[in-house]
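A closer look at the structure
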Amino acid sequence: MDGLDISSLLPAALLLPPRLSAHKYLMVCTLTVAAWDTLVLSPRTWRLMKTKGWPLLKVTFHILRYLMPIEFTIVAVAFFDSKFSSNQCENFYLFEPIVSAFLLCVASFSLAVRLYAIWDKSKIVMGVLGSLLFLQIVTQAICCGFYRVVPLKEGQGCIAGPKHNWVGLYWLTPTLFYSAALGFAVMRSVKSQASKPINLWKLFLRDGLNLYGAIWIVNMINMLFWFIITPTGPSDTVKTIVTSMTVVLTTTMTLRVILGVRGSLAHGGTYTGMSTTSQSHSQPSNTSRPNPVHPQISTNGPPHARPSVSNQIRSVGANAQTFTIEEIRAKAERDWVVDGTSDHDDVDAKSGYVVDGDTDHQSAPGLKYAEKGSLQDDDSSSHQPKAPRDNLGVKVTIDREYSK
């Protein structure tokens, strides 16, 4: 009994080589990441679906969002089903390389559109990324024809492997693209930091450098398995051990790059950092900026020497906007001083002020004859001060206008 080997009693589905067993464990982790990401992004996907229009990034987002879990659900069936026959595998094994190549190309295209937008439509950025994307599409399309079925025992799963080592170009070209994408993203952040310094951690998160970095790291790790680790035989799956995780993480990080765009996704979205082009478009020049009109209120001198308040201050304009005294009092930051200037010109320097008409004290609470000088009745022909009468007040309106 001591020398009995029970491994001969186990089915082939349970009698796995060490590297194949590790491959299956990593596939379980890949499916967990894909399922978790699908659940977490569901609310944000629904909100994005309800937005108007279908710009390029919105289209690519939904392609990546739904195709990735569909692909790996199908791949998992062939990978773990012990009843998946060799004949079925011969007809199926190219499914994962082809669909994964399509997902990677869509992800690369999405990042190219985004980086082209944040670099203010730079032809250099589009030229470099466009060339690498074209190289990626051509290379992966060719390499898909040089995959084979890994010769495993019946019940151990259906896995596609490369026929030659140069098939690793299938993964090298997207890695080159993601390296260039990370470089452009970092350079844009450094340029933004130079013009508008902020905390480095906030800059790191604001520009999504963690997402670009994660994509680059997982693809570089995949390169190690393809070009450095040597397989022990034709049935060794070590070269493809992390390819599924690479596709899933690249897709999920690309989805988050798209979701990180603030505002509309049209034309690749806008950049939240400092942008010379966007500033020149969003801020008018000094020659075209309307000049604010400031009132001059004079309450100095004897009452008979002052002109009528309504004749003294008048802002005219066909498109003037009128405010009531209650609305003015709600703006605590706008202070009036005796000479008519404002202590907070930077808060709202676009307002003209009009004092006109008569009303009672209930319609203008807090505004009385004794405040800020005794306001004179609107009678420019009389030079004698008049005693305040009951139910007599001043209605204050504000006309907003801009000089053309």
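These remarks concern the structure in this document.

Quick notes on the rules
- Residues numbered from 1 in each chain as written.
- Predicted model: local features only at pLDDT ≥ 70, side-chain atom pairs only at ≥ 80, totals over all residues.
- Heavy atoms only, no water.
- Helix = DSSP H or I, 4+ residues; strand = E, 2+ residues; numbered from the N terminus.
- Buried < 20%, exposed > 50% of the residue type's maximum accessible area, 1.4 Å probe, protein only.
- Contact = heavy atoms within 4.5 Å.
- Areas by Shrake-Rupley, 256 points an atom, 1.4 Å probe, with all protein chains shown as cover.
- Core = buried A, V, L, I, M, F, W, Y, C linked by side-chain atoms within 4.5 Å.
- Salt bridge = Lys/Arg side-chain N within 4 Å of Asp/Glu carboxyl O.
- Polar contact = N/O pair within 3.5 Å; in protein donor to acceptor, adjacent residues only side chain to side chain.
- Disulfide = S-S within 2.5 Å.
- Patch = residues over 30% accessible without salt bridge, like charges linked within 9 Å, V, L, I, M, F, W, Y side chains within 5 Å.
- Expected span 1.5 Å × (residues − 1).
- Axes fitted to C-alpha atoms, helices over the stretch in contact; angles between N-to-C directions.
- Parallel < 35°, antiparallel > 145°, perpendicular 65-115°, else oblique.
- Left-handed = near helix turned anticlockwise from the far one by under 90°.
- Nonpolar A, V, L, I, M, F, W, Y, C, P; charged D, E, K, R; others polar.

It is worth spelling out the overall build of the protein at this point. If you tally the helices and strands in the protein, you get 13 helices and five strands. Every one of the 404 residues in the protein was classed for burial, and the buried ones make up 42%. Restricting the contact set of the protein to residue pairs at least 6 apart, pairs at least 24 apart contribute 77%. For the protein, the accessible surface area stands at approximately 22,300 Å², while carbon and sulfur atoms represent 62% of it.

Time to look at the nonpolar core. In terms of nonpolar packing, the biggest core is built from 59 residues, with Leu115, Leu129, Tyr147, Trp171, Phe177 and Tyr212 touching the most fellow members. Taken together, the elements giving at least two residues each to this core come down to α3 (56–80), α4 (86–92), α5 (95–118), α6 (123–143), α7 (169–195), α9 (209–227) and α10 (243–259). Looking at which element gives the most residues to this core, the answer is α5, with ten residues. In terms of nonpolar packing, the next biggest core, distinct from the first, is built from seven residues, Met27, Val75, Val150 and Ile159 among them.

All right, on to the pattern of salt bridges then. In a structure, side chains of opposite charge can pair up when their charged atoms sit close to one another. By the definition in use, this model includes three salt bridges. When the shortest N-O distance is used, the salt bridge between aspartate 236 and arginine 19 registers 2.6 Å. Linking aspartate 236 in the loop between α9 and α10 with arginine 19 in helix α1 (residues 18–40), this pair joins segments that are 217 residues apart in sequence. The salt bridge involving aspartate 37 is made with arginine 256; its shortest N-O contact spans 2.3 Å.

For asparagine 219, the position within the fold is in helix α9. Looking at asparagine 219, its side chain comes within polar contact range of the main-chain oxygen of isoleucine 215, at 2.7 Å. Among all residues touching asparagine 219, those that are not within four sequence positions of it are Thr175, Tyr178, Thr246 and Thr250.

Attention shifts here to the state of the cysteines. Counted by the stated rule, this structure contains one disulfide. Shown here is the disulfide that connects cysteine 89 with cysteine 158, its sulfur atoms set 1.9 Å apart. Torsion about the S-S bond of the cysteine 89 and cysteine 158 cystine: about 85°, corresponding to right-handed handedness. Placement of the pair is cysteine 89 in helix α4 and cysteine 158 in the loop between β1 (147–149) and β2 (160–162), with a sequence separation of 69 residues. Here cysteine 89 and cysteine 158 have matching classes, each one buried. No disulfide involves cysteine 144; its sulfur sits 7.4 Å from the nearest other cysteine sulfur, which is in cysteine 143.

Moving on: the environment of leucine 20. If you trace the backbone, leucine 20 turns up in helix α1. For the pair formed by leucine 20 and leucine 152, sequence separation is 132 residues and the distance between their alpha carbons is 9.5 Å. Each residue touching leucine 20, except ones within four places of it in the same chain, is listed here: Leu152, Gln156, Ile159 and Thr237.

A cluster of nonpolar side chains, contributed by Phe134, Val138, Ile142, Trp166 and Leu169, occupies part of the molecular surface with about 480 Å² of accessible area. The element contributing the most residues to the nonpolar patch is α6, with three residues. Tracing the sequence through the fold places phenylalanine 134 in helix α6.

Attention shifts here to α5. Taking 1.5 Å of rise per residue, the 24 residues of α5 would be expected to cover 34 Å, and the 35 Å separating its terminal C-alpha atoms lies within 8% of that figure. Burial analysis of α5 places 19 of its 24 residues in the buried class, the great majority of the element. A positive phi of about 55° marks aspartate 120, the residue just after α5.

Moving on, we get to the packing of α1 against α10. Close contact between α1 and α10 brings their axes to 9 Å; oriented N to C, the two are set at 20°. Judged by the inter-axis angle, α1 sits roughly parallel to α10. In this structure, α1 crosses over α10, and the sense of that crossing is left-handed. In this structure, α1 contributes Leu26, Met27, Cys29, Thr30, Val33, Ala34, Asp37 and Val40 to the contact, and α10 contributes Ser244, Met245, Val248, Leu249, Thr252, Leu255 and Arg256. Looking at the contact of α1 with α10, its residues break down into ten nonpolar, three polar and two charged.

Given a rise of 1.5 Å per residue, 19 residues ought to cover 27 Å, and the 27 Å separating the end C-alpha atoms of α9 matches this to within 8%. Where α9 is buried, its residues meet α5, β1, β2, α7, α8 (200–206) and α10.

In this section: unusual backbone geometry. The phi dihedral of lysine 121 falls on the positive side, at around 60°, and the residue is not glycine. The residue lysine 121 is located in the loop between α5 and α6 in this model. Positive phi, close to 60°, is recorded for histidine 267, a residue that is not glycine. Following the sequence through the fold, histidine 267 ends up in the loop between α10 and α11 (276–282). Under the relative-accessibility criterion, histidine 267 is labelled exposed at 66%.

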